[in-house]
Every structure is written in structure tokens, then in C-alpha cells.
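The primary structure of each chain is shown beneath.
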Amino acid sequence: MRTLCASTLIGEFFVIGFAGLVAMKADGASMTAVWTVCGIAMLLSVLLCGMITRPGGVQLGWALQIALIAGGFVVPAMFFLGVVFAGLWWASVHYGRKIDEAKARWAAEATAGPDAA
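About the cut-offs
- In this numbering scheme, every chain counts its residues from 1 along its sequence in written order.
- Local features in this predicted model are restricted to residues of pLDDT 70 or higher, and side-chain atom pairs are both shown and tallied only at a pLDDT of 80 or more, whereas totals for entire chains, interfaces and linings draw on every residue.
- Hydrogens and water molecules were not included; the side-chain quantities draw on all heavy atoms of the structure.
- In this text, helices come from DSSP runs of H or I with a minimum length of four residues, and strands from runs of E with a minimum of two, each type numbered from the N-terminal end.
- In this treatment the radius of gyration is a C-alpha quantity, and the globule benchmark scales as 2.2 Å times the residue count to the 0.38 power.
- The buried label applies to any residue whose accessible area, calculated with a 1.4 Å probe on protein chains only, is under 20% of its type's maximum; exposed applies above 50%, and partly exposed to all values in between.
- Contacts are assigned to residue pairs with any non-hydrogen atoms lying within 4.5 Å of each other.
- For the accessible areas, the method is Shrake-Rupley and the probe is 1.4 Å, while residue cover comes only from the protein chains on display.
- Asp and Glu count as negative and Lys and Arg as positive, but His and the ends of the chain are not part of the count.
- Working definition for charges: the position is that of NZ of Lys, CZ of Arg, CG of Asp or CD of Glu.
- Among the buried residues, those of types Ala, Val, Leu, Ile, Met, Phe, Trp, Tyr and Cys that are joined through side-chain atoms within 4.5 Å form a nonpolar core.

Along the backbone of the protein chain there are four helices and zero strands. For the protein chain, the succession of helices and strands along the chain, N to C, is α-α-α-α. Over its C-alpha atoms the protein chain spans a radius of gyration of 18 Å, topping by over 25% the 13 Å that the globule rule assigns to 117 residues. Taken along the three principal axes of its C-alpha coordinates, the protein chain extends 70 × 20 × 20 Å. Expressed as a percentage of its 117 residues, the buried residues of the protein chain come to 32%. In the protein chain, of all internal contacts separated by at least 6 residues, the share reaching a separation of at least 24 is 64%. Here the protein chain displays about 7,300 Å² of accessible surface, and carbon together with sulfur accounts for 72% of that area. Of note, the protein chain has its 7 positive side-chain charges centred 5 Å away from the centre of its 6 negative side-chain charges.

Quick look at the structure:
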């Protein structure tokens, strides 16, 4: 699960950065506010790569997905990109857990030896 989720989060890191560049052109948004919010979100996405397997890591990832979708109020394309990345996040968590379960099962079968099968 860690690899799939980290890959999604790194993709989000770049999308947040590019959205920050677009948001700088928005009316009424100061450069300081844009880069403070984008910087925090980018930092969170990188830090979450190492926190995925810890308690609350996946929930923080979901909070980041909601923030990405909410970014659509500043950069309208983020509504679409936020939903896409939320779907990728769901798939990363869902299928990552299935892969982890399969790996654990295979490891248990390998340590049990050929007579256990």
C-alpha cells in the first residue's frame, strides 16, 4: 500500500505546485497567501509519503484529497483534478491493502513449507 499511496502523493505534490502557479494569476489572491497554502499542502503530501502506514496516515491523505477538491474554488480545474486524485487515492489504498494481504499470505505459505499446501 505504501508504494501506491506514495506515488499518488508525489503526483499530487506536482499538481499542487502547478495549481499554485495558476492561482497566482487569479484576481484577489495574494502571492503570499497562495504559496503559504500551496507550500503547506505540498509539504503535507511529501510528509504523508512516510506516514502512510502509521495510525491516521490514510485519514490525513483523505483530508488532503478534500483540500485538493476545495482548491477548485480558486483554480476551477482543481475540481476535476481533485476528484481524479481522490479516485487514485481510493484505488491506492484499496488495492494496496489487497496486495499487502496477498504478500503476507504468500510469505506465510513460503515459511510453512511445501507440505502445508
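Moving on from the coordinates now.
Attention now moves to the nonpolar core. In this structure, L9, I16, L64 and W89 are the most contacted members of the largest nonpolar core, which totals 23 residues. Broken down by secondary-structure element, the contributors of at least two residues to this core are helix 1 (2-23), helix 2 (31-51), helix 3 (57-70) and helix 4 (77-112). Discounting chain neighbours no more than four positions away, the residues touching L64 are L9, E12, I16, A41, L44, S45 and L48.

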